[in-house]
Amino acid sequence: MALSTVAVTGGNGKIGRAVLRDLRDKGYETVNIARGKQREDVSDRYVTTDLLDAGETYGALSTADADAVIHMGSIPGPHSHPQFEVYASNAMGAMHVLEASESLELEACCLASSINAIGSEHQRRPAQVEYLPVDESHPRTPDDSYGIAKHAMEVTADGFGRRPETDLTISSLRFPWVPTKREVVEDLTEADRSMEALRDGNSWIGRDVLFSYIQIEDAAAVARKAVEADYDGHESFWVAATDTTADVPTAELVPEFFPDAEIDRSFTGHESLIDLSKAESLLGWTPAHSWRDY
């Protein structure tokens, strides 16, 4: 498929700005669709809208006259807003973007999902990990408002993808923690990532997120790859770095933190506990960055 213009919802945000920069560097015309005032100087055009209003969302995407949309504009966690607002922002916002994308006959729609779609660090019980490495078929069992909404978003995208009249490539990208280079250095390279530290470590880079992360440049690149892809319907993808956040071999992590999980392969280094083969196969994407590079 030949794309020339890509809209990015939430382009004022941390990941949205990185996506706009990546698209610009690859020669695309970009449109930032976001609430309030423009807070970036990367996009070619800016359209303000409320993504919780279906009519405004349709109007914004129509005005953008884009070939594809990357949807990053939602509340990024469950703790800053009431549960119903978190759910509405993530589930209903995506519904409005999907509906508008279909009606306007866009080529592709990429949705920002999350590791929380399977139940992760925000929920009230430990993440339920049945087997390793985790792939897209792993059961989704979230209990927090953010994870439930991301799960619902993916189910909604499944429904749009099944429609015989829909000629729309839909991707849901399950992001873990998305750090900048500075955050990588502060929280990983210069931090204690030994086994003892991991037992008492931060939830967003620990056991309940499968010790996963993805540097922001790789996150932006895979979002672009998702709208450049050409397949029928909706697909969910795990996206993460190829290594863990631990300074401990993966073969030692597994029995310590996942003693009841079924192990489907042997681990010989610091390999990720997430299977990235689907993103490589369908999107042609592999991550280029590791915290160990610094």
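Placed above this text is the structure.
What counts, and where the lines are drawn
Residues numbered from 1 in each chain as written. Predicted model: local features only at pLDDT ≥ 70, side-chain atom pairs only at ≥ 80, totals over all residues. Heavy atoms only, no water. Pairing = 2+ DSSP bridges. Helix = DSSP H or I, 4+ residues; strand = E, 2+ residues; numbered from the N terminus. Axes fitted to C-alpha atoms, helices over the stretch in contact; angles between N-to-C directions. Salt bridge = Lys/Arg side-chain N within 4 Å of Asp/Glu carboxyl O. Parallel < 35°, antiparallel > 145°, perpendicular 65-115°, else oblique. Left-handed = near helix turned anticlockwise from the far one by under 90°. Contact = heavy atoms within 4.5 Å. Buried < 20%, exposed > 50% of the residue type's maximum accessible area, 1.4 Å probe, protein only. Polar contact = N/O pair within 3.5 Å; in protein donor to acceptor, adjacent residues only side chain to side chain. Core = buried A, V, L, I, M, F, W, Y, C linked by side-chain atoms within 4.5 Å. Arc of directions from axis to C-beta. Phe/Tyr/Trp six-rings, centres within 6.5 Å; stacked < 30°, edge-to-face > 60°. Lys NZ or Arg CZ within 6 Å of the ring centre and 35° of its normal.

Participant: In this structure, what is going on with the sheet that holds strand 3 (residues 45-48)? I would like to understand it.
Facilitator: In sheet architecture, strand pairing relies on hydrogen bonds along the backbone and comes in two forms, parallel and antiparallel. Overall, parallel pairing links the 7 strands, which are arranged 3-2-1-4-5-7-8 in an open sheet. On the outer flanks of this sheet lie strand 3 and strand 8 (233-238), each paired with one strand and no other. Averaged over all pairs of adjacent strands, the angle between their axes in this sheet comes to 20°, without regard to strand direction. Direction of pairing for strand 1 (residues 5-9) relative to strand 2 (residues 29-34): parallel, over a ladder of 5 bridges. Paired with Val8 across the strands is Asn32, a residue of strand 2.

Participant: Help me out: how do you make sense of the pattern of salt bridges in this one?
Facilitator: It is possible for side chains bearing opposite charge to pair when their charged atoms get close. Following the criterion strictly, the structure yields 15 salt bridges and no others. Close ionic contact of Arg199 with Glu256 constitutes a salt bridge, the shortest N to O distance being 2.8 Å. Remark: Glu256 occurs in helix 8 (residues 250-257) and Arg199 occurs in helix 6 (residues 195-199); sequence separation between them is 57 residues. Each of the salt bridges in this network shares a partner with another, and the network as a whole consists of Asp22, Arg224 and Glu228.

Participant: It is not clear to me how the packing of helix 3 (residues 83-103) against helix 4 (residues 145-162) should be interpreted in this structure. Could you clarify?
Facilitator: A pair of packed helices can be characterised by two numbers: the angle between their axes and the separation between those axes. Contact geometry of helix 3 with helix 4 gives a least axis separation of 8 Å together with a crossing angle of 15°. Between helix 3 and helix 4, the angle falls in the class roughly parallel. In this structure, helix 3 meets helix 4 at a crossing whose hand is right-handed. On helix 4, the residues touching Gln83, Val86, Tyr87, Asn90, Ala91, Ala94, Met95, Leu98, Glu99 and Glu102 of helix 3 are Ser145, Tyr146, Ile148, Ala149, Lys150, Ala152, Met153, Thr156, Ala157 and Phe160.

Participant: How should I be thinking about the environment of Thr49 in this particular structure?
Facilitator: Locating Thr49 in the fold gives a position in the loop between strand 3 and helix 2 (54-64). A residue is classified by how much of its surface remains accessible, and Thr49, at 4% relative accessible area, is buried. Put simply, Thr49 and Leu61 are 12 residues apart on the chain and 9.6 Å apart in space, counted from C-alpha to C-alpha. When sequence neighbours within four positions are dropped, the list of residues in contact with Thr49 reads Ile33, Ala34, Arg35, Glu56, Thr57 and Ala60. In terms of polar contacts, Thr49 uses its side chain to reach the backbone carbonyl oxygen of Glu56, at 3.1 Å.

Participant: Please clarify how the nonpolar core should be interpreted in this entry.
Facilitator: Burial of nonpolar side chains together is a common tendency in soluble globular proteins. Residues Val19, Ile70, Leu173, Phe175, Val239, Leu283 and Trp285 are the most contacted members of the largest nonpolar core, which totals 34 residues. At the level of elements, strand 1, helix 1 (14-25), strand 4 (68-71), strand 5 (108-114), strand 7 (169-175), helix 7 (216-228) and helix 9 (277-283) are the ones that each hand at least two residues to this core. Considering every element that reaches this core, the biggest residue donor is helix 7, with 8 residues. Every residue in contact with Leu173, bar those within four places of it in the chain, is listed here: Cys110, Leu111, Ala112, Ser113, Ser114, Val222, Ala223, Ala226, Phe237, Val239 and Leu283. In this structure, Ile115, Phe267, Leu273 and Leu276 belong to the second largest nonpolar core, which totals 24 residues.

Participant: Any chance you could explain helix 5 (residues 181-189) here in plain terms?
Facilitator: Turning to helix 5, its buried residues number three or more, namely Glu183, Val184 and Leu188. Buried residues of helix 5, seen end-on, are gathered within an arc of 100° and therefore sit on one face of the element.

Participant: So what exactly am I meant to see when it comes to the packing of aromatic side chains here?
Facilitator: A ring pair, where both rings are aromatic, is described by two values, the distance of the centres and the angle of the planes. Enumeration over the complete set of coordinates arrives at 3 aromatic pairs. Arranged with centres 5.0 Å apart and planes meeting at 65°, the rings of Phe211 and Phe257 form a pair that is edge-to-face. In this pair, Phe211 sits in the loop between helix 6 and helix 7 while Phe257 sits in helix 8, placing the two residues 46 residues apart along the sequence. Phe211 gets classed as buried once you look at its relative accessible area, which sits at 0%. Classification of Phe257 by relative accessible area gives buried; the value is 13%. Members of the aromatic cluster, each reached through a chain of ring pairs, are Phe211, Phe257 and Phe258. In this arrangement the basic side chain of Arg174 is found over the ring face of Trp238, its NZ or CZ atom lying 5.2 Å from the centre.

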